[in-house]
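Topology and contacts: notes
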Amino acid sequence: VFDRWSQRKRDRLESRQEQEQKRTQAAADTRMEQARQEALKAQQVRQQQQALKMLDARMKKGGVVYRLSGKAKQDKEDREIMQERLDRSRQRVEGWVDRERRRSEPELTALHVRHEAERVALEAKIEEARKIMEGREGQPERVAQPQRAEPGSRQQAPGRSLGR
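So, here is what we can say about the structure in this document. Everything quoted here is computed from the prediction, not taken from an experiment. (Residues numbered from 1 in each chain as written. Predicted model: local features only at pLDDT ≥ 70, side-chain atom pairs only at ≥ 80, totals over all residues. Heavy atoms only, no water.)

1. Examining the packing of helix α2 (residues 45-61) against helix α4 (residues 71-136)
- Packing of α2 against α4 leaves a shortest axis separation of 10 Å and a crossing angle of 155°. The angle between the axes of α2 and α4 places the two elements in the roughly antiparallel class. When you trace α2 past α4, the crossing you get is left-handed. For the pair α2 and α4, contact is made by V45, Q48, Q49, A51, L52, L55, D56, R58 and M59 and by D75, K76, D78, R79, M82, Q83, R85, L86, S89, R90 and V93, respectively.
- A per-class count over the contact of α2 with α4 returns eight nonpolar, four polar and eight charged. (Axes fitted to C-alpha atoms, helices over the stretch in contact; angles between N-to-C directions. Helix = DSSP H or I, 4+ residues; strand = E, 2+ residues; numbered from the N terminus. Parallel < 35°, antiparallel > 145°, perpendicular 65-115°, else oblique. Left-handed = near helix turned anticlockwise from the far one by under 90°. Contact = heavy atoms within 4.5 Å. Nonpolar A, V, L, I, M, F, W, Y, C, P; charged D, E, K, R; others polar.)

Structural data, given as structure tokens:
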């Protein structure tokens, strides 16, 4: 009986903590994704990627006149510059996401520490209950039995007089 009780207590605590961990992690993930989306928008990464694709397509499609006019050389230089800008923008986005991740770490660490303290407190409570149960083993159970009054006499309630 005791082992089932203690296991139920542990299971309930573990379940509650898992749910809390999931909610906290989901909130942190949401904040990081929002930071990533905002950074992508601010850095115009998608527009830069699209411009780079268009330039690559033009470079592939370009014919002899394109190459002879010097436009191919200019596009190649522009492509290198655009790629560097895109790389820097991506690094900035990652920096923003990392910053948000670092902001979430103390909250997750505090949650982990609190959960560990709760587990330790529960184990202490279970151990205390186990000692109490072991102390009672071998002792007759104490059941309050009403005292019988002698016939013809009235029983006096504790702390009250019969008015005599």
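From this point, things continue past the structure.
2. What to know about the environment of W5
- Checked against the element boundaries, W5 lands in helix α1 (residues 2-43).
- Excluding residues that lie within four positions of it along the chain, W5 makes contacts with I126 and A129.

3. What about the packing of aromatic side chains?
- For the structure shown, the criterion picks out one aromatic pair.
- Look at F2 and W5: their rings are 5.5 Å apart centre to centre, the planes differ by 40°, and that puts the pair in the tilted class. Of this pair, F2 and W5 both sit in helix α1, three residues apart, which is roughly one turn of that helix.
- Under the relative-accessibility criterion, F2 is labelled buried at 17%.
- In this structure W5 comes out as partly exposed when scored by relative accessible area, which is 26%. (Phe/Tyr/Trp six-rings, centres within 6.5 Å; stacked < 30°, edge-to-face > 60°. Buried < 20%, exposed > 50% of the residue type's maximum accessible area, 1.4 Å probe, protein only.)

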